[in-house]
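Read off the chains here:
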Amino acid sequence: MAATPPENESSESKALSTVYSDYLWKRLSSFFPFSGSNFLGKLSNLYRQLTRARSRRRGPCLPLPLPSTSLDSIVETSEASRVFDVLQDILEHICLDLHNIQKNLHFWQSRAEASNAQKVYFLLFERGPRAFIHGTIRLVRECVVEGSGMKNLSRSASAHISERITVLTTLRYHLATFLAQVYVEVDRFSEDLVRDPQKSLPELLVTINGLFSKLEASISHFHAVHQCDSSVDGSYSFPLMFEKLPEVNQEGSQWTDCESRDAINLIYENLHKLDSYLADLVAKHQKPRKVTLYWTRYTIGFVGVSVCSFWLLKHSRLMGSSDIDNWIHEAKESTISFWKDHVEQPLLAIRDELFETFRKRHKGVMEQEEVQLTANSLHRMLQAFSEQTTGQKYPENASEQKMLEVVMSRYEKEVMNPIKNLVGGELARALLIQIQKLKLDIETAMLELDQILRANEINFAILAALPAFFLSFLLLMLMRAWLKKDTRAEGRGRIARLQRRLLIVEVEKRIMQFQICIDQGLENDAEYMYGLGLYSLDRLYRAVERHAKATGEWQCLRQDIIDLAKPRLRTEYKFTITSRMVQVYDCLLPSSTRR
């Protein structure tokens, strides 16, 4: 929900458009070089603010603690509808501001936990070329003069990181406390809104305006304390000053439509001032951009690309060389060859093996009919030799083994006188029969080998296609990881599920810390922990909405999240809800336990 009033209220829209247009005109008029400031720096701030404004439209956030059964009767009037819109906008903007602060704070905290050498590396190599030059000059000068350059740089890096952690932590404390106060006040007025909305709505607006005043006082105190000690140029260039409701409007009871619109517009204006103040302050203490963090890698990459470009230009047609054309031709031929050898031909072979029988394929080395002819010839030779040798009549289906025994017995006798029997005996005939038997054995072995090769042709084709298969599988996995975007909690993969479960763990931790502060009587810290818990619930609400709607669990899961945000619900009941959430809902279960 954007921070603008509903479109059906033309007067309110005109008032807000006037406020925003005046602000934008003042900002744009100060960007020109004759204003006496850095034109490029202000242009960068404008781009950052526009990007921040676009990033706010991210869908619904954690709902207000209003009674759902009587909500329709409350919003019958346009004034009530606008009040609920502005309250919802406050929750959304504060949660988004907290998220921006939390991301930057997480970066600086990770740097604070690093070693001294890593801090020095950050101070020199991860803050841009200008910081690298100044840091190198300082390091050389201190090493030559004092002999303690690394120690001083480590101390400077620690102070640089510590200052940003302090500023962001303080901002998070005040914003989380403000978020908790707003949510508690809306919950406190929820029953009165059902009974008498005409009287409760003005009182609620006055209370919210008072909370803005408290936030202004807290941040102003922080502004005054850190203004002199800050090492960041222009960190506290302007104080935060909210508009106040006129005294005539704070009497309560019955307000006119004009007074209600003025109060709502004033709250929107204060919210806009808060966003502008936080955008400038957080931008000066935010983590470096990726271009700044990895400028050394980008520089080396740029130099490498330049060298490669010069080398390619040297071998191109522009310099009278045909090397690139030859390389392109060779690469084309290699690609075509790879496609034919590892994709096209293996797939065609697999297709032939799947849709044709062995008999319908190409002729093999040895066929069954040839082997059968050799076997029949051997059988007749054995039968004729056995009948002539023994003088007995052998049937057609006689065993070849018995007839072969007769041949071998006769062969052993004939070998006793080889010269004589070779000419006048049966020795030559017995040798020819054995040669025929050897031929039959060889043909049978070749037939079996051919059958084995034919049966494994599909395996050989699959092995030939494996390189293309692995390459396609790798590209598919990379595409799947890019489409799923598992790094955020809103994703669909295993890492996204883990992030959503960690959000529930964070909610449980905030609930426990809130209860500890209540037991110790630390009311301010309890409000802070409750505000951080609301922020965590808002992150969880955004992360699970789309997935829970897809599985049909959204109604129950949404109610559980709203129950966890209720300030008057007992802590043990909240722990029971979080325990049920991680065990029941499919969008929060680990990937290994899904059915």
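What you see is a predicted model; the values in this text were computed from it and never measured. (Residues numbered from 1 in each chain as written. Predicted model: local features only at pLDDT ≥ 70, side-chain atom pairs only at ≥ 80, totals over all residues. Heavy atoms only, no water.)

Q: Help me out: how do you make sense of the overall build of the chain in this one?
A: Counting its regular elements, the chain contains 21 helices and zero strands. Relative to its 595 residues, the chain shows a buried fraction of 39%. Long-range pairs, those at least 24 residues apart, make up 71% of the contacts in the chain with a sequence separation of at least 6. About 35000 Å² of surface is accessible on the chain, with carbon and sulfur atoms providing 59% of the total. (Helix = DSSP H or I, 4+ residues; strand = E, 2+ residues; numbered from the N terminus. Buried < 20%, exposed > 50% of the residue type's maximum accessible area, 1.4 Å probe, protein only. Contact = heavy atoms within 4.5 Å. Areas by Shrake-Rupley, 256 points an atom, 1.4 Å probe, with all protein chains shown as cover.)

Q: Looking at this model, I keep getting lost on the pattern of salt bridges. Mind explaining?
A: For side chains of opposite charge, pairing can occur when their charged atoms come near one another. Tallied over the full model, the rule gives 14 salt bridges. The shortest N-O distance in the salt bridge between K437 and D441 comes to 3.0 Å. Placement of the pair is K437 and D441 together in helix 16 (residues 427-455), with a separation of four residues, close to one helical turn. Under the relative-accessibility criterion, D441 is labelled partly exposed at 38%. When the shortest N-O distance is used, the salt bridge between D586 and R497 registers 3.8 Å. (Salt bridge = Lys/Arg side-chain N within 4 Å of Asp/Glu carboxyl O.)

Q: Where do I start with the nonpolar core in this structure?
A: Proteins that are soluble and globular tend to have nonpolar side chains buried together. Formed by 88 residues in total, the largest nonpolar core has its most connected members in L87, I90 and M581. When residues of this core are traced back to their parent elements, those giving at least two are helix 4 (78-112), helix 7 (149-195), helix 8 (197-226), helix 9 (257-284), helix 18 (494-520), helix 19 (523-551), helix 20 (554-565) and helix 21 (571-584). Ranked by residues supplied to this core, first place goes to helix 7 with 15 residues. Those residues in contact with M581, other than ones at most four positions away along the chain, are I504, L540, L557, D560, I561, L564 and L588. (Core = buried A, V, L, I, M, F, W, Y, C linked by side-chain atoms within 4.5 Å.)

Q: How should I be thinking about the packing of aromatic side chains in this particular structure?
A: Each aromatic ring pair is described using two quantities: the centre-to-centre distance and the angle formed by the ring planes. The final tally for this structure, using the stated rule, is 13 aromatic pairs. On the numbers, 4.7 Å between centres and 40 degrees between planes, the contact of Y173 with Y528 is tilted. Taken as a pair, Y173 in helix 7 and Y528 in helix 19 lie far apart in primary sequence, 355 residues in all. Take Y173: its relative accessible area is 26%, and that puts it in the partly exposed class. Y528 gets classed as buried once you look at its relative accessible area, which sits at 9%. Site record: aromatic cluster; members linked through ring pairs are Y121, F125, F132 and W295. Looking at R164, its charged tip hangs above the ring of W108, at a distance of 5.7 Å from the centre. The aromatic ring of Y573 is capped on one face by R570, whose charged end is 5.6 Å from the ring centroid. (Phe/Tyr/Trp six-rings, centres within 6.5 Å; stacked < 30°, edge-to-face > 60°. Lys NZ or Arg CZ within 6 Å of the ring centre and 35° of its normal.)

Q: Help me understand helix 21, please; the structure alone is not making it clear to me.
A: Three or four residues apart is the spacing at which side chains of an α-helix point the same way, because the helix has 3.6 residues per turn. Given a rise of 1.5 Å per residue, 14 residues ought to cover 20 Å, and the 20 Å separating the end C-alpha atoms of helix 21 matches this to within 8%. What helix 21 keeps buried is the set T571, K574, I577, T578, M581 and V582. In an axial view of helix 21, the angular spread of the buried residues amounts to 125 degrees, which keeps them on one side of the axis. Projecting away from the buried face of helix 21 at angles above 90 degrees are the exposed residues Q583 and V584. (Expected span 1.5 Å × (residues − 1). Arc of directions from axis to C-beta.)

Q: How do you make sense of the environment of K509 when you look at a structure like this?
A: When you line up the elements, K509 lands in helix 18. Through-space distance from the C-alpha of K509 to that of G533 is 8.4 Å; in sequence the pair is 24 residues apart.

Q: Hey, could you run me through the packing of helix 20 against helix 21 in this one?
A: Packed helices, taken two at a time, are described by their axes: the angle between them and the distance between them. The interhelical angle for the contact between helix 20 and helix 21, taken along N-to-C directions, is 150 degrees, at an axis separation of 10 Å. By the angle between their directions, the pair helix 20 and helix 21 is classed as roughly antiparallel. Crossing handedness for the pair helix 20 and helix 21: left-handed. The segment helix 20 lies against helix 21, with L557, D560, I561, D563 and L564 engaging K574, I577, T578, R580 and M581. (Axes fitted to C-alpha atoms, helices over the stretch in contact; angles between N-to-C directions. Parallel < 35°, antiparallel > 145°, perpendicular 65-115°, else oblique. Left-handed = near helix turned anticlockwise from the far one by under 90°.)

Q: What am I meant to see in helix 20 here?
A: Here helix 20 is twelve residues long and its end C-alpha atoms lie 16 Å apart, about the 16 Å a rise of 1.5 Å per residue gives. Taken residue by residue, helix 20 has W554, L557, D560, I561, I562, D563, L564 and A565 as its buried positions.

Q: How do you make sense of the confidence of the model for the chain when you look at a structure like this?
A: Regions with low pLDDT carry predicted coordinates that are not meant to be interpreted in detail. Within the chain, residue pLDDT values average 77, and 76% of them lie at 70 or more. Confidence, read as mean pLDDT per element, is least for helix 1 (residues 10-29) in the chain (45) and greatest for helix 20 (91). With pLDDT under 50 throughout, residues 1-44 is counted as low confidence; its partners more than four residues away or in other chains account for 53 contacts. Under a pLDDT of 50 for its full length, residues 357-362 has, in the predicted model, nine contacts with residues more than four places off or in other chains. (pLDDT = per-residue confidence, 0-100.)

Q: Can you help me understand a nonpolar patch on the surface in this one?
A: Taken together, the side chains of F338, L471, L474, L475 and L478 present a nonpolar region at the surface, about 480 Å² in accessible area. Element by element, the count of residues in the nonpolar patch is highest for helix 17 (residues 457-484), at four residues. Along the chain, the position of L478 falls in helix 17. (Patch = residues over 30% accessible without salt bridge, like charges linked within 9 Å, V, L, I, M, F, W, Y side chains within 5 Å.)

Q: Where do I start with the environment of L532 in this structure?
A: Inspection of the secondary structure puts L532 in helix 19. Along the sequence, L532 and F514 sit 18 residues apart, while their C-alpha atoms lie 9.5 Å from each other. Each residue touching L532, except ones within four places of it in the same chain, is listed here: R172, A176 and R510.

Q: Where do I start with the packing of helix 19 against helix 20 in this structure?
A: Between helix 19 and helix 20, whose axes approach to 10 Å, the crossing angle comes to 180 degrees. As the angle between them shows, helix 19 and helix 20 are arranged roughly antiparallel. For the pair formed by helix 19 and helix 20, the contact residues are Y530, L534, L537, L540, Y541, V544, E545, A548 and K549 on the first element and W554, L557, R558, I561, L564 and A565 on the second. When grouped by side-chain class, the residues that make up the contact of helix 19 with helix 20 number twelve nonpolar, no polar and three charged. (Nonpolar A, V, L, I, M, F, W, Y, C, P; charged D, E, K, R; others polar.)

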